[in-house]
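Understanding the architecture of this molecule
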Amino acid sequence: MTRTLFGTDGVRGTANTHPMTAELALRLGAAAGRYFRRDGAAGHRVVIGKDTRLSCYMFENALTAGFTSTGMNVLLLGPVPTPAVGLLTHSMRADVGVMISASHNPHHDNGIKFFGPDGFKLSDEAEAEIEAILESDIALAEPANIGRAKRIDDGVYRYIERAKSTFPEELRLDGLKVVVDCANGAAYISAPQVLWELGAEVIPVGVNPNGTNINLGCGSTDTRTAAEAVIAHGADIGICLDGDADRVMILDETGTVADGDQVMALLAARWASEGRLNGDTLVATVMSNLGLERFLGGKGITLHRTGVGDRYVVEAMRKGGFNMGGEQSGHIVLTDYATTGDGLVAGLQFLAEMVQTGRPASALARNFAPVPQMLKNVRYASGADPLEVASVKAAIAQAEGQLEGAGRLLIRKSGTEPLIRVMAECEDEGLLHQVVDGIVAEVEAAG
């Protein structure tokens, strides 16, 4: 059974354009409700969270109608981080959790992703089964068995307490000045509150969502505003989250960015030294820098690579019994604490290192020298497939020959946007530019 609607992280697209329409969201909710309520019994429930996009109101209502039409009771969490949905799905004994968010994408995009009753994202197989139900005649509930919906006001505060509990109990953030950029997104309430309650002096950025400013000039994908705040306020660190707060970028006291690879290097080395890193293994994707792999090898730590997408990282972690993984883009998954990437919890782990060692962020954020890496994204027309064009295939084959023994090349389609991602690593920066630019030119010509 194959999936056509779901991508690497749920269903995603431009709001009010297929597949992200209210009509499809209603049917998707009904299909998911039927999938999780196969026994027909009463008492089944779903929790629904969202970020701060204007279109979230529309999708929240549509999904609620779909779920209740199949007899599911809906608990509406309001704006909460994605990891809060994973947490609350499990802790509130829900059958399914839903997060309405397009993560780091602009406000005009939106997405729907599902969590199972264990708090983890659904497998490809489960998503395929939901698609199959959606394409059939969905069995609706009898009138007396239609579900109810109500708002849950304390969901965000349950998450706040959980996030605080991941910080070592004997430590405090007193004396530390922290810039936290919430991307005008889902963590605009929770992240500043957690940091302040742990003792930090907090300088909040991106905490005034208006429905259309999520990720706009702020957050983990645009750290300039936070960097300026770090410098202006003399802050010790900047923590930059994305729209749904499942990824993070760390800024040191100079405003310099440490990506997910550097954060994972720091945390993996610490956990391994304490005997806390299961299997002495870190799980990361094929996008992680070769420098990370070399650094970990020097510490006796294995780097297990997966395909791109935090869900595939988590699947590999669960299969192998590993408890740390993530992506260069800032998803840091610590299954001792959460079922999915949690930018705030990862930031707290970094802060714990600062407190325990007494070292500044700059000394902790540069654990290895990255091998020169170049990534370029090429947008293509919907429905086209530039990777099947002969000239593109020839350019890729030529680049692979040039890099053999000297670096590596990764070409892939984005799972969330019509983009071809061209990434290469090579110590020879001249060759690096040559192979990437050559492939990009061919993809642009073909797309």
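Residues numbered from 1 in each chain as written. Predicted model: local features only at pLDDT ≥ 70, side-chain atom pairs only at ≥ 80, totals over all residues. Heavy atoms only, no water.

**Overview of the overall build of the protein**
A count of helical and extended segments in the protein gives 14 helices and 18 strands. Viewed in the frame of its principal axes, the protein has a C-alpha envelope of about 65 × 60 × 40 Å. A burial count over the protein gives 58% of its 447 residues as buried. Residue pairs at least 24 apart in sequence account for 72% of intrachain contacts in the protein once pairs closer than 6 positions are excluded. If you sum the accessible surface of the protein, you get close to 17,500 Å²; carbon and sulfur atoms cover 50% of it. (Helix = DSSP H or I, 4+ residues; strand = E, 2+ residues; numbered from the N terminus. Buried < 20%, exposed > 50% of the residue type's maximum accessible area, 1.4 Å probe, protein only. Contact = heavy atoms within 4.5 Å. Areas by Shrake-Rupley, 256 points an atom, 1.4 Å probe, with all protein chains shown as cover.)

**Brief notes about the sheet that holds strand β14 (residues 324-326)**
Spatial ordering of the open sheet is given by β13-β12-β14-β15, a layout of four strands whose pairing is mixed. Two strands bound the open sheet, and with one partner strand each, they are β13 (302-306) and β15 (332-334). Across the sheet, the mean angle separating the axes of adjacent strands is 20° when strand polarity is ignored. Here β14 pairs with β15 via three bridges, running antiparallel. Following the sheet pairing, G325 is matched in β15 by V333. Packed on one face of the sheet, helix α9 (residues 290-298) meets β12 (281-285) and β13 and runs near 150° to β13. (Pairing = 2+ DSSP bridges. Axes fitted to C-alpha atoms, helices over the stretch in contact; angles between N-to-C directions.)

**Description of unusual backbone geometry**
H18 connects to P19 through a cis peptide bond whose omega is 5°. Phi at S103 is positive, roughly 60°, even though this residue is not glycine. The topology assignment puts S103 in the loop between β4 (96-100) and β5 (109-115). Assessed through its relative accessible area of 2%, S103 is described here as buried.

**A look at the pairing of strand β10 (residues 248-251)**
Burial along β10 is two-sided: the face carrying V248 and I250 and the face carrying M249 and L251 are both buried. Pairing of strand β9 (residues 237-241) with β10, which is carried by four bridges, proceeds in the antiparallel orientation. Bridge pairing in β10 links I239 to I250. Linkage of β9 to β10, two consecutive antiparallel strands, is achieved through a turn of six residues, within which A245 is found at a positive phi near 65°. Where β10 meets strand β11 (residues 257-258), two bridges bridge the pair, whose relative direction is antiparallel. Bridge pairing in β11 links L251 to V257.

**Some remarks on the sheet that holds strand β17 (residues 407-413)**
Spatial strand order, β16-β18-β17: three strands in an open sheet with antiparallel pairing. Two strands close off the open sheet at either side, each with one partner strand: β16 (373-379) and β17. Within the sheet, the average angular offset between the axes of one strand and its neighbour, ignoring direction, is 10°.

**Some words on the pattern of salt bridges**
Tallied over the entire structure, the rule returns 28 salt bridges. A salt bridge links R12 to D9; the shortest N-O distance between them is 3.5 Å. Of the two residues examined, R12 and D9, each falls in the buried class. We note a salt bridge from R311 to D124, for which the minimum N-O separation is 2.8 Å. Of this pair, R311 sits in helix α10 (residues 310-320) while D124 sits in helix α4 (residues 124-134), placing them 187 residues apart in sequence. Where salt bridges share partners, they join D9, R12, K113, K121, D244, D246 and D310 into one cluster. (Salt bridge = Lys/Arg side-chain N within 4 Å of Asp/Glu carboxyl O.)

**Focus: the nonpolar core**
Grouped together as the largest cluster of nonpolar side chains are 69 residues, with contacts concentrated most on L195, I239, F350 and L351. Those residues in contact with I239 that sit more than four places away from it in its chain are V178, V179, V180, D181, L195, V248, M249, I250, G347 and L351. In this structure, A25, C56, F67 and I133 belong to the second largest nonpolar core, which totals 33 residues. (Core = buried A, V, L, I, M, F, W, Y, C linked by side-chain atoms within 4.5 Å.)

**Regarding the environment of A445**
Within the fold, A445 resides in helix α14 (residues 429-446). When the C-alpha atoms of A445 and L26 are compared, they prove to be 39 Å apart, with 419 residues separating the residues in sequence.

**As for the environment of A265**
Considering the arrangement of structural elements, one finds A265 in helix α8 (residues 260-273). Separated by 102 residues in the primary sequence, A265 and N367 have C-alpha atoms spaced 6.5 Å apart. Ignoring any residue separated from it by four or fewer positions in sequence, one finds A265 in contact with L292, F295, N367 and F368.

**What about the side chain of D242?**
With respect to the helices, strands and loops of the structure, D242 is situated in the loop between β9 and β10. Polar contacts involving the side chain of D242 include one to the main-chain amide nitrogen of A245, which spans 2.9 Å. From its side chain, D242 meets the backbone nitrogen of R247 in a polar contact 3.4 Å long. Those residues in contact with D242, other than ones at most four positions away along the chain, are S103, H104, C182, A183, N215, S220 and R247. (Polar contact = N/O pair within 3.5 Å; in protein donor to acceptor, adjacent residues only side chain to side chain.)

**Considerations on the packing of aromatic side chains**
Scanning the model with the defined rule gives four aromatic pairs in all. Both rings, one in Y35 and one in F36, keep their centres 4.9 Å apart while their planes meet at 85°; by these two values the pair is edge-to-face. The residues Y35 and F36 share a single accessibility class, namely buried. The interplanar angle of 85° and the centroid separation of 6.2 Å between the aromatic rings of W271 and Y337 together place this pair among those described as edge-to-face. Remark: Y337 occurs in the loop between β15 and α11 (343-357) and W271 occurs in helix α8; sequence separation between them is 66 residues. (Phe/Tyr/Trp six-rings, centres within 6.5 Å; stacked < 30°, edge-to-face > 60°.)

**Topic: helix α5 (residues 155-165)**
Among the residues making up α5, those that are buried are G155, V156, Y159, I160, A163 and K164. In this structure, the buried residues of α5 make contact with β3 (73-79), α3 (82-91), α6 (190-197) and α11.

**Topic: the pairing of strand β2 (residues 45-50)**
Burial runs high along β2: five of the six residues are buried. Examined bridge by bridge, β2 and β3 share six bridges and lie parallel to one another. Within β3, the residue paired with G49 across the bridge is G78. The β-α-β motif built from β2, the intervening helix α2 (residues 56-69) and the parallel element β3 has right-handed crossover chirality. (Right-handed = clockwise from strand over helix to strand, strands pointing away.)

None of this, on its own, says anything about what the molecule does.
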